[in-house]
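Structure at a glance
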Amino acid sequence: MSTLPNTASIAAAAAALAAATAHGIRLYRSGATTGPAGLDTERVIRALALQGHAPQRHLFPDTAALKARNGRPVYKDGSPKLKPSGHVRTRDHVDPACDRGTCTKEVLPDKSTLSDHFCGDYATKFRDPADFVRAEAHLGEKALRGSPDLVEATIEEIFGPGDHTARFEGYYVDPANPKNADGSINLLPVDLRGGHISAIYKQAPDGIWLLTMHPSPQDERHP
C-alpha cells in the first residue's frame, strides 16, 4: 500500500502555500524549510506532489509498494532475459503514484494516453520527508543556476561525508536468481554508498517545477 495523501488535502496545502508567498518555492530552495512564510516540510512536499510524481514514487510508497515497482522478470526458453548492463529485463511495473488501485499503466503528460509504467533497474525512495526536502532544495538551487532538465549531485554533496544508506531504501531483481522457489520475485537491496541523487525539472510560469527525483547507486555498483 502507498501512503498517498488525500487529493483534497494536497490541493488545500498547495493553495495555502501559494497564498503565503508567491516566491515560496524559491524561498525554501534557499535553505529555509520553515520561516516567515510558514514553509514547513509537509507543506513543501504536498506542493511538490502537485508538480510531478517525485513524492508519490520516491517518498510515499511503503516497502511493499516500492518492491512492486520492480515488476516481474522476463524469461525466454526458461532463462531470464538480461540487459547489456547485466540487470534482468522486467515487465508489469506497478506505479505507486496510481490512485486507481494496482496500476501497471500511467497517464502520459498529454493527460489522454495510457502507457505501460516503466521502472529502471532500481526502485528507490527516501525514508525521511526532511531528507527529501533537503535534497530537492539543493538540486533546485542548481537547476535555477543552470539547465533544469536534469540535475545531479552526489549523496555526500548534499548530506556531507559519511555513510547515508539509512536515509534511503531500494531494491533490484537478482540477476543470478530472479525468482524464489515459491515463485515470488527475488529482490536484493540497493547499495547506495557513493551514490547520487538525480532530479528532472520543467520550466513553469512561476519558475521551475520538479517532475521527479530519486537516489541511484554508484555506477556499476550492481549487479
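First things first, this report covers the structure right here in the doc.

Basis of the calculations
- Residues numbered from 1 in each chain as written.
- Predicted model: local features only at pLDDT ≥ 70, side-chain atom pairs only at ≥ 80, totals over all residues.
- Heavy atoms only, no water.
- Helix = DSSP H or I, 4+ residues; strand = E, 2+ residues; numbered from the N terminus.
- Buried < 20%, exposed > 50% of the residue type's maximum accessible area, 1.4 Å probe, protein only.
- Salt bridge = Lys/Arg side-chain N within 4 Å of Asp/Glu carboxyl O.
- Core = buried A, V, L, I, M, F, W, Y, C linked by side-chain atoms within 4.5 Å.
- Contact = heavy atoms within 4.5 Å.
- Pairing = 2+ DSSP bridges.
- Axes fitted to C-alpha atoms, helices over the stretch in contact; angles between N-to-C directions.

Here we come to unusual backbone geometry. Despite not being glycine, Asp77 has its phi angle at roughly 55°, a positive value. With respect to the helices and strands, Asp77 occurs in the loop between β2 (75–76) and β3 (79–80). Overall, the relative accessible area of 74% leaves Asp77 in the exposed class. Non-glycine residue Asp92 carries a positive phi angle of around 60°. By the secondary structure assignment, Asp92 is in the loop between β4 (90–91) and β5 (105–107). On the basis of relative accessible area, Asp92 is assigned to the partly exposed category, the value being 35%.

Looking now at the pattern of salt bridges. This structure, assessed with the given rule, holds nine salt bridges. Ionic pairing is found between Asp121 and Lys83, a salt bridge with its closest N-O pair at 2.5 Å. Here Lys83 lies in the loop between β3 and β4 and Asp121 lies in the loop between β6 (114–116) and β7 (123–126), a separation of 38 residues in the sequence. On the basis of relative accessible area, Asp121 is assigned to the partly exposed category, the value being 24%. Relative accessible area serves as the criterion here: at 21%, Lys83 is assigned to the partly exposed category. With a shortest N-O distance of 3.4 Å, Arg91 and Asp92 are connected by a salt bridge.

Turning next to the nonpolar core. Of all hydrophobic cores here, the largest spans 28 residues; its most connected members are Phe126, Phe132, Leu139, Ile197, Tyr201 and Met213. Breaking this core down by element, the ones donating at least two residues are α3 (41–51), α6 (129–145), β8 (151–154), α7 (155–159), β9 (168–173), β11 (196–204) and β12 (207–216). With five residues, α6 is the largest single contributor of residues to this core. Each residue touching Met213, except ones within four places of it in the same chain, is listed here: Ala54, His58, Phe126, Phe132, Ala135, Glu136, Leu139, Ile197, Ser198 and Ala199. The next biggest cluster of nonpolar side chains, apart from the first, holds seven residues, and it includes Leu66, Val88, Ala123 and Tyr171.

The next thing to look at is the sheet that holds β11. The antiparallel open sheet is built from three strands, whose spatial order is β8-β11-β12. The sheet terminates laterally at β8 and β12, the two strands that pair on one side only. The average angle at which neighbouring strand axes cross in this sheet is 20°, direction not considered. In the sheet, β8 pairs with β11 via four bridges, with the strands oriented antiparallel. Its bridge partner being in β11, Glu152 is matched across the sheet by Ser198.

Moving on: the environment of Ala130. Position of Ala130 relative to the elements: it lies in helix α6. Remark: the alpha-carbon pair of Ala130 and Asp40, spanning 90 residues in sequence, is separated by 9.5 Å.

Here we take up the sheet that holds β7. Read from one edge to the other, the open sheet built from three strands follows the order β7-β9-β10, with strand pairing classed as antiparallel. Each having just a single partner strand, β7 and β10 (187–189) make up the two edges of the open sheet. Strand-to-strand twist in this sheet, taken as the mean axis angle between neighbours without regard to direction, amounts to 20°. Note that β9 and β10 share three bridges and pair antiparallel. Note on β10: the bridge partner recorded for Tyr171 is Pro189.

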